[in-house]
Amino acid sequence: MEAEKEMREWCVALPKVELHAHLNGSVRDSTLLELAKQLGDKGDIVFEDVKDVIMKNGRSLPECFRLFELYHILTTDHDTVTRITKEVVEDFAMENVVYLEIRTTPKNNEAKGMTKRSYMNAVIKGLKTVEAVEVVLFDSNSRADKTPMSELGGDTRKMKIYVRLLLSIDRRETTLAALDTVNLAMEMKDQGVIGIDLSGNPVVGEWETYLPALEHAKELGIPITIHCGEVANRNEIRAVLDFCPQRLGHVCCLNDEEWKKLKSLMIPVEICLTSNVMTGGAPSLELHHFADLYNAKHPLSLCTDDSGLFSTSLSNEYYLVASTFGLSKAELFQLAQDAVEFVFAGDELKRSLRELFERVGKELT
Ligand code: 6MZ
């Protein structure tokens, strides 16, 4: 018991890089309940029904996507988007995440006067209102860095977290809507947006629908990460591997041939242990494909996916790797440090992160 506690604390103290975190999947339960109560009081929803859903029943893949429908009802107005962004960043920072790529789907919502652009402005406002830690949103040589976030709080001794944004294309979207998202990412590249993600319910939509937008992003030089193999869609898995994005999420249902191809391409994988076990993408923690990729020295990084939805944290994911696969502290540290090489941010920031890990490594291992 004592050993478990000590290891858990060590995993919290470990500086960590989070590369796969969906904004709306990372919202605190307490915030969701508060928002549901407010909408319940207004008569928009029945609070008691929603409460039980939020307080964890099943988390199968289809249930997750039904839940996201509910989450989006609760969170999709500008002020709430700002609030959840602030809270999510604070929560990651509190467990020593030093670099965070948050991904979110820009949303049009006419009833709320919301466009994809205004949604993203609300996200960025959320980053600017974080007070508990210093949020660093720009590379130091970019124009925007002349007004660092820290000016708002003014305290340079605060903990620092580097935050970057990825814009998600939802698989339900049309080709035109997906192209809008890529163009928006380009427009907002001076505001912390550095990449594109393809996500959403894996049994919905066709690869050919998003391909023009993903190719456009590639032409523009925007780094791309794609959810791959959450279900066994052979044609799509093959097409995704052929497309060869900068990173892949999940890679659960690959057959032997696809597995060999992934390994030969050396595409870094965002590993989401708890998420995959809960949604059935992996049969158990013990049989998770992390072990195979890790033993093969395939580039990978541990991630949470949806820390709120799955009641996990990045520290917990590191702890699970230690307790399930027997990695030592030195090996866990190496795993966290290696993730620096797969961030979408530029070389200068990578250098800062490498230095940070060098410094902290002497104390932690
Ligand atoms: C695929 C997922 C996901 O974008 O509204 N999302 N897509 N697989 C998953 N595994 C469980 N978890 C989350 O955050 C919520 C959205 O992220 C995607 C879904 O499109 C979901 O609606 P945002 O901030």
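Residues numbered from 1 in each chain as written. Predicted model: local features only at pLDDT ≥ 70, side-chain atom pairs only at ≥ 80, totals over all residues. Heavy atoms only, no water.

Asker: I'd like a rundown of the site of the ligand, residues and numbers included.
Answerer: The immediate surroundings of the ligand are formed by 17 residues, with His72, Thr104, Thr105, Glu230 and Asp306 found nearest. Measuring from an oxygen atom of the ligand, one finds a side-chain N or O atom of His72 at 2.6 Å. Lys107 has a polar side-chain atom sitting 2.7 Å from an oxygen atom of the ligand. For the ligand, the protein covers 99% of the area, taking 510 Å² as the surface of the free molecule. No other element matches helix H4 (residues 61-75), which puts 3 residues into the shell around the ligand. Looking at the shell around the ligand, its residues break down into 4 nonpolar, 8 polar and 5 charged. (Near = heavy atom within 4 Å. Polar contact = N/O pair within 3.5 Å; in protein donor to acceptor, adjacent residues only side chain to side chain. Areas by Shrake-Rupley, 256 points an atom, 1.4 Å probe, with all protein chains shown as cover. Helix = DSSP H or I, 4+ residues; strand = E, 2+ residues; numbered from the N terminus. Nonpolar A, V, L, I, M, F, W, Y, C, P; charged D, E, K, R; others polar.)

Asker: Run through the nonpolar core, naming residues and quoting values.
Answerer: The biggest cluster of nonpolar side chains holds 120 residues, and the ones touching the most others in it are Tyr99, Ile161, Ile196, Leu214 and Leu262. Considering every element that reaches this core, the biggest residue donor is H4, with 8 residues. (Core = buried A, V, L, I, M, F, W, Y, C linked by side-chain atoms within 4.5 Å. Buried < 20%, exposed > 50% of the residue type's maximum accessible area, 1.4 Å probe, protein only.)

Asker: An account of the environment of Pro268 is requested, with residue identities and associated values reported.
Answerer: By secondary structure assignment, the location of Pro268 is in the loop between helix H11 (256-265) and strand S8 (269-271). With a relative accessible area of 13%, Pro268 lands in the buried category. When the C-alpha positions of Pro268 and His72 are compared, they lie 30 Å apart, and in sequence the two are 196 residues distant. For Pro268, the residues in contact, after removing those within four places along its chain, are Gln246, Arg247, Leu248, Pro299 and Phe342. (Contact = heavy atoms within 4.5 Å.)

Asker: Talk me through helix H6 (residues 116-128); I want residue IDs and the actual numbers.
Answerer: What sets the pattern is the α-helix's 3.6 residues per turn: residues three or four places apart point alike. Taking 1.5 Å per residue, 13 residues should reach 18 Å; H6 reaches 19 Å between its end C-alpha atoms and fits that length. Those residues of H6 not exposed but buried are Lys116, Ser118, Tyr119, Met120, Ala122, Val123, Ile124, Gly126 and Leu127. Of the surrounding elements, those touching the buried residues of H6 are helix H5 (78-94), strand S2 (97-104), strand S3 (134-136), strand S4 (160-170), helix H8 (175-187) and strand S5 (193-199). (Expected span 1.5 Å × (residues − 1).)

Asker: Which residues make up the pattern of salt bridges, and what are the values?
Answerer: Here the structure, examined in full by the defined rule, presents 24 salt bridges. Close ionic contact of Arg172 with Asp170 constitutes a salt bridge, the shortest N to O distance being 2.9 Å. Under the relative-accessibility criterion, Asp170 is labelled buried at 13%. Residue Asp292 pairs with Lys263 through a salt bridge whose shortest N-O separation is 2.8 Å. Of this pair, Asp292 sits in helix H13 (residues 290-295) while Lys263 sits in helix H11; the two residues are 29 residues apart in sequence, bridging distant segments of the chain. Residue classification places Lys263 among the partly exposed positions, given a relative accessible area of 24%. Among the charged side chains, a network of salt bridges with common partners joins Arg28, Glu34, Arg83, Lys86, Glu87, Glu90 and Asp91. (Salt bridge = Lys/Arg side-chain N within 4 Å of Asp/Glu carboxyl O.)

Asker: Describe the layout of surface pockets, naming the residues involved and giving the relevant values.
Answerer: Looking at the largest pocket, its volume works out to about 420 Å³. In terms of lining residues, the largest pocket is bounded by 31 residues, among which His22, Phe65, Phe68, Gly200 and Asn201 are the most central. Of all the secondary structure elements, the ones that give two or more residues to the lining of the largest pocket are H4, S2, S4 and helix H12 (273-279). In terms of residue class, the lining of the largest pocket is built from 8 nonpolar, 14 polar and 9 charged. Taken as a whole, the second largest pocket encloses approximately 310 Å³ of empty space. Around the second largest pocket, the lining comprises 14 residues; the ones closest to its centre are Val98, Lys160, Leu356, Arg359 and Val360. Looking at the lining of the second largest pocket, the elements that each hand over two or more residues are S2, S4 and helix H16 (347-364). For the lining of the second largest pocket, the element with the highest residue contribution is H16, accounting for 5 residues. (1 Å grid on protein atoms, 1.4 Å probe; cavity = no way out; pocket = protein on both sides within 12 Å on 5 of 7 lines; lining within 4 Å. Points joined across faces, edges and corners; volume = space filled by probe spheres on them.)

Asker: Provide a residue-level description of the side chain of Arg164, including the pertinent values.
Answerer: Within the secondary structure, Arg164 is located in strand S4. Under the relative-accessibility criterion, Arg164 is labelled buried at 2%. Among the polar contacts listed, one links the side chain of Arg164 to the backbone oxygen of Leu137, at a separation of 3.2 Å. Apart from the residues within four sequence positions on either side, Arg164 is in contact with Tyr99, Leu100, Glu101, Ile102, Val136, Leu137, Phe138, Asp139, Gly192, Ile194, Ala345 and Leu349.

Asker: Could you give an account of the packing of aromatic side chains, naming the residues involved and the relevant values?
Answerer: Using the criterion set out here, one finds 6 aromatic pairs in the structure. The interplanar angle of 55 degrees and the centroid separation of 5.8 Å between the aromatic rings of Phe65 and Phe68 together place this pair among those described as tilted. Taken together, the positions of Phe65 and Phe68, both in helix H4 and 3 residues apart, correspond to about one turn of that helix. When sorted by exposure, Phe65 lands in the same class as Phe68, which is buried. (Phe/Tyr/Trp six-rings, centres within 6.5 Å; stacked < 30°, edge-to-face > 60°.)

Asker: Give me the lowdown on the packing of H5 against H6, citing residues and values where you can.
Answerer: For the pair H5 and H6, interaxial distance at closest approach is 7 Å and the crossing angle is 40 degrees. In this view, H5 runs oblique relative to H6, as classed from their interaxial angle. When the axes of H5 and H6 are compared, the crossing they make is right-handed. Residue-level inspection shows His78, Val81, Thr82, Thr85, Lys86 and Val89 of H5 in contact with H6, the latter providing Ser118, Tyr119, Ala122, Val123, Lys125, Gly126 and Leu127. For the contact of H5 with H6, a count of residues per class yields 6 nonpolar, 5 polar and 2 charged. (Axes fitted to C-alpha atoms, helices over the stretch in contact; angles between N-to-C directions. Parallel < 35°, antiparallel > 145°, perpendicular 65-115°, else oblique. Left-handed = near helix turned anticlockwise from the far one by under 90°.)

Asker: Report on the pairing of strand S7 (residues 247-250), specifying residues and quantitative values.
Answerer: Where strand S6 (residues 224-228) and S7 come together, 4 bridges link them in parallel fashion. Across the sheet, Cys228 pairs through a bridge with His250, a residue of S7. Both S7 and S8 contribute to a ladder of 2 bridges, which runs parallel. Within S8, the residue paired with Gly249 across the bridge is Glu270. Regarding topology, H11 serves as the crossover connection from S7 to the parallel S8, and that connection is right-handed. (Pairing = 2+ DSSP bridges. Right-handed = clockwise from strand over helix to strand, strands pointing away.)

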